[in-house]
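For reference, the chains in residue letters:
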Amino acid sequence: MYLVYFIVYFVVKKTKIETEIIKYRKKHRRNRGNIVRNFAAKFTCNKSPLLSSCPFKSVRRKEFGDFQTPWELSKLMIEIIKEKNIRPKIIIEPTCGIGNILLSSYNAFLPDAIIGVEINNNYCQHLSKIIEKSSKITIINKNIFDTINIIKTEINKYHSCLFIGNPPWVTNSALSAINSTNLPVKENRKGLRGIEAITGKSNFDITEYIILKLIEEYRSYNSVYAFLCKTSVARNILKYCWENNFFYKESSIYPIDSKKYFDATVDACFFIIDFSKKGTIKECHVYDSIENKSFSNTMGYFNNKMIVDINNFNSHNYLGKSEYIWRNGIKHDCSKVMELDMVGKNLVNGYGEIVNIEDDLVFPLLKSSDIANGNLSIRKKVIVTQRNVGEETLSIKERFPKTWKYLNYYIDNFQKRKSSIYRNKPLFSIFSIGGYSFLPIKIAISGLYKHISFQMLFPENEKSIMVDDTCNYISCKTKSEANLIYSLLTSKENINFLNSIIFWDSKRPITTEILNSINLKRIAEEHSLENQYDILTNINNTVEKENGKQMVLF
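As the structure is a computational prediction, the values presented were derived from the model and not from experiment.

*Asks:* Would you take a moment to explain the pattern of salt bridges for this structure?
*Replies:* Once the charged atoms of two side chains with opposite charge are near each other, the side chains can pair. Following the criterion strictly, the structure yields 16 salt bridges and no others. Between K331 and D469 there is a salt bridge, and its shortest N-O distance comes to 3.5 Å. You can see K331 sitting in the loop between β11 (327–328) and α16 (335–338) and its partner D469 sitting in the loop between β18 (466–467) and β19 (471–476), a full 138 residues away along the chain. A salt bridge links K521 to D534, with the nearest nitrogen and oxygen atoms 3.4 Å apart.

*Asks:* For this particular structure, what's the right way to read the environment of V266?
*Replies:* Topologically, V266 is positioned in the loop between α14 (258–262) and β7 (268–274). By relative accessible area, V266 is classed as partly exposed at 24%. Remark: the alpha-carbon pair of V266 and K230, spanning 36 residues in sequence, is separated by 7.1 Å.

*Asks:* Whenever I open this one, the sheet that holds strand β12 (residues 339–343) confuses me. Can you help?
*Replies:* Strand pairing in a sheet relies on backbone hydrogen bonds. The paired strands run either parallel or antiparallel. Read across the sheet, 5 strands follow the order β13-β12-β15-β14-β18 without closing on themselves; strand pairing throughout is mixed. If you trace the sheet from one side to the other, it starts and ends with β13 (346–348) and β18, each paired once. With 2 bridges joining them, strand β14 (residues 362–366) and β18 adopt parallel strand pairing. Paired with L366 across the two strands is V467, which belongs to β18.

*Asks:* Looking at this structure, how should I read the sheet that holds strand β16 (residues 441–446)?
*Replies:* Strand order in this open sheet of 4 strands is β11-β19-β16-β17, and the pairing throughout is antiparallel. The sheet is open, and its two edges are formed by β11 and β17 (455–457), each paired on a single side. As paired elements, β16 and β17 share 3 bridges and run antiparallel to each other. Among the inter-strand pairings, A444 is bridged to a residue of β17, identified as Q455.

*Asks:* Before we go on, may I ask you to explain the state of the cysteines in this structure?
*Replies:* Think of a disulfide as a covalent bridge from one cysteine sulfur atom to another cysteine sulfur atom. Throughout the structure, instances matching the rule amount to 0 disulfides. For C269, which is in no disulfide, the shortest distance to another cysteine sulfur is to C229 and amounts to 4.2 Å. Judged by relative accessible area, which is 0%, C269 ranks as buried.

*Asks:* Honestly, helix α12 (residues 206–218) in this entry has me stumped. Any pointers?
*Replies:* Each full turn of the α-helix corresponds to 3.6 residues, which orients residues three or four apart in the same direction. Compared with the 18 Å implied by 1.5 Å per residue over 13 residues, the 18 Å span of α12 between its first and last C-alpha is a close match. Of all 13 residues in α12, 10 are buried, a share of seventy percent or more. By the burial criterion, the buried members of α12 are I206, T207, E208, Y209, I210, I211, L212, L214, I215 and Y218.

Scoring rules and cut-offs
Residues numbered from 1 in each chain as written. Predicted model: local features only at pLDDT ≥ 70, side-chain atom pairs only at ≥ 80, totals over all residues. Heavy atoms only, no water. Salt bridge = Lys/Arg side-chain N within 4 Å of Asp/Glu carboxyl O. Helix = DSSP H or I, 4+ residues; strand = E, 2+ residues; numbered from the N terminus. Buried < 20%, exposed > 50% of the residue type's maximum accessible area, 1.4 Å probe, protein only. Pairing = 2+ DSSP bridges. Disulfide = S-S within 2.5 Å. Expected span 1.5 Å × (residues − 1).

Okay, structure coming up:
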């Protein structure tokens, strides 16, 4: 668990850890023969070299994620494994830290052998002192990425193996930003295209990499994998297994309260995938919580797409291809300069300065929160410097000198934009822009908010309304066309369908990928509107392959 903790150590005080350990020691004072009790008794925040050698707010602590899994949570993990009648003979924890999960597993299952891998030498020394009398426990002081083959020499392929733990909840880009060497060898496991890497899809959680690597190496063994991780990581692992036909017996997801256990605001879970037998069903059972363990729904897989609730999906299957192409809103990554508040008759930028520029390139703007909450009155405007991606911008200097002077005054803001999509592009370039952006009517939805709320946007003073890049939209030419498409999108058939495929715990639950998978024509057929739908989609020249010119960001 040498990386997991960085999420919480920025906010957790040392006294909180001391309090938890004191509570644990009091609770287990009578169990003097228990190896976990001995461990808790030896570990104190005041005396341990583990904490004194790693300052709480240091980059080093961020890199190795120093936050231990609470004993209470470890106990719940073990209980679930036992309830599934899993009785491992060999236990491996790939990032064991100071050993909370490892020692809990040892006491619960009394395996033939248990292996803990930990990169932090201080932790290994401390843990080795605790288990020095146990010949069954081996601690390997190495990076997990370098120990795959070492583990193979230590375990028996035919014995039941349990891989368990709480690997790092941090991405490779976060580690790269601090020049960490605690990274796996880079490989394009998911076969991403160059543009997908540019737009962020190549970024991955280290937890995801570790678990997938273990599954790839040991799935032919009699193996079970039981890890705490982000819920999105669990889904990514399932999707990878399903796409690559990694067959297993069963899988389960038990949501955990990460705020309670780690003081972190992130959707997380206890994820189990059992390869002890090889089945063919691509499903995962989801429960309401790790404490209650009540069944909630079954995730599934259909036509290479993950389904939230396979039973609901089967009765509301409108998966296909949309004749309308959904877009992301305008992207500029320079909000203090490009987005202007309407204060009386004045436009005011993010620095509180009144902006006096030509009106030609200034368009009404709605933000994600406006769309999600139905607040469609215009309170902001945005400067639109291009009508198509990559279009030259020097003409602004001659046609709109005030705007050009204003933009140049803040040129440093534009040059500091980090995204590579602006590299070698014209001055003041924007993204996610095209002819479709300027059609009179849009139907938009926020990608960030956890509910479905489509909104029709009509021109403001004969100018098309723009939306920010956290929104998704389609464009229409006429009101009759927009009314029909809006009625289909807001129908109970489509709402039920979307709820069966949207993972609401995602950072951005509603994506263009999801929206572009809605077969609106099939929904129109349900309402006997297919003829009207065909006429309108044929007339609308935004419904064609030319629209593929815009790169999809999300």
